[in-house]
Amino acid sequence: MQGTGVRADRRLGYISRSETFSASHRLHSKSLSDEENERIFGKCNNPNGHGHNYKVEVTVRGEIDPVTGMIINITDLKKYIEMAVMKPLDHKNLDKDVPYFANVVSTAENIAVFIWDSLQKLMEPNLLYEVKVFETDKNIACYRGE
């Protein structure tokens, strides 16, 4: 496999794990006036907030170990997701309970970045490939660390 950084006798693979969490938030930027926030975010700018049942899909990429047949032990990935997603976000008001969102708008895109950064602190370098946040069945944000 020339040019991939993977030896010819090794296989590169991807594995994903998903989890769901519930959280509330309000789309509101402190950099905008109340009128601009209402115009841009509409009903999602409700002063009392609103909630979602989010789905998160975490994908890792790496060499498939010839002995174990795994890229990562799925038990370890489950533990990382518990620490980086479930503990800080599940059943929380993102804007009030998660310090990261005190000055960052809690959009699906920014939630994906938050999860990426949190997972990066726990996982081996270059293993994390993608974080997808399904805010609804129709609204999905994807972040790959770029």
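Within each chain, residues carry numbers counting from 1 in the order of the written sequence. Owing to the predicted nature of the model, reporting of local features is limited to residues with pLDDT of at least 70; listing and counting of side-chain atom pairs is limited to 80 or more, with chain, interface and lining totals taken over all residues. Excluding hydrogens and water, the side-chain values take into account all heavy atoms of the structure.

A. Molecular detail of the UniProt feature "active site" (unreviewed entry) in the chain. UniProt positions are given in the numbering used here, feature names are shortened, and annotations may be inferred rather than shown by experiment. Look at the UniProt record and you will see "active site" (unreviewed entry) annotated at Cys44, His91 and Glu135. Each helix is a run of DSSP H or I of at least 4 residues and each strand a run of E of at least 2, with the numbering of both proceeding from the N terminus. Among the structural elements, Cys44 can be located in the loop between helix H1 (34–41) and strand E2 (50–63). Setting aside its immediate chain neighbours within four residues, Cys44 contacts Arg26, Leu27 and His50. Here Glu135 is to be found in the loop between strand E4 (128–134) and strand E5 (140–143). Residue contacts are counted whenever heavy atoms from the two residues lie within 4.5 Å of one another.

B. Structural context of unusual backbone geometry. The residue His91 is not glycine, and still its phi comes out positive at about 60 degrees. Phi at Asn126 is positive, roughly 65 degrees, even though this residue is not glycine. Topologically, Asn126 is positioned in the loop between helix H4 (108–120) and E4.

C. A look at H4. Taking 1.5 Å as the rise per residue, H4 with 13 residues should run 18 Å; its terminal C-alpha atoms sit 18 Å apart, in good agreement. For H4, every residue scored as buried is listed here: Ala108, Ile111, Ala112, Val113, Phe114, Ile115, Trp116, Ser118 and Leu119. Residues of H4 that are buried in the fold lie against strand E1 (12–25), E2, helix H2 (74–89), helix H3 (94–97), E4 and E5. Helices are assigned an expected span. That span is 1.5 Å times one less than the residue count. Only protein chains enter the accessibility calculation, which uses a 1.4 Å probe; a residue whose area is less than 20% of its type maximum is buried, one above 50% is exposed, and one in between is partly exposed.

D. Inspection of the pairing of E1 at higher detail. Any two strands with at least two DSSP-identified bridges between them are counted as paired. As paired strands, E1 and E2 are joined by 14 bridges and run antiparallel to one another. When the bridges of E2 are listed, Leu12 appears paired with Glu63. Bridge count between E1 and strand E3 (residues 92–93): two bridges; the pairing is parallel. Looking at E3, one finds that Ser24 is bridged to Asn93.

E. The UniProt feature "binding site: Zn(2+)" (unreviewed entry) in the chain, seen in detail. Per the UniProt record, the feature "binding site: Zn(2+)" (unreviewed entry) sits at His25, His50 and His52. A maximum C-alpha distance of 8.5 Å is found for the annotated residues, which run over 28 residues; spatially they form one tight group. With respect to the helices, strands and loops of the structure, His50 is situated in strand E2. If we skip the residues at most four places from it in the chain, His50 touches Ala23, Ser24, His25 and Cys44. When its relative accessible area of 15% is taken as the criterion, His52 is described as buried. If near-sequence neighbours (up to four positions away) are discounted, His52 is found in contact with Phe21, Ser22, Ala23, His25, Glu135 and Thr136. At 3.3 Å, the side chain of His52 forms a polar contact with the side chain of His25. In protein, a polar contact requires one atom able to donate a hydrogen and another able to accept it; more generally it is a pair of N or O atoms within 3.5 Å, and residues adjacent in sequence count only if both atoms are side-chain atoms.

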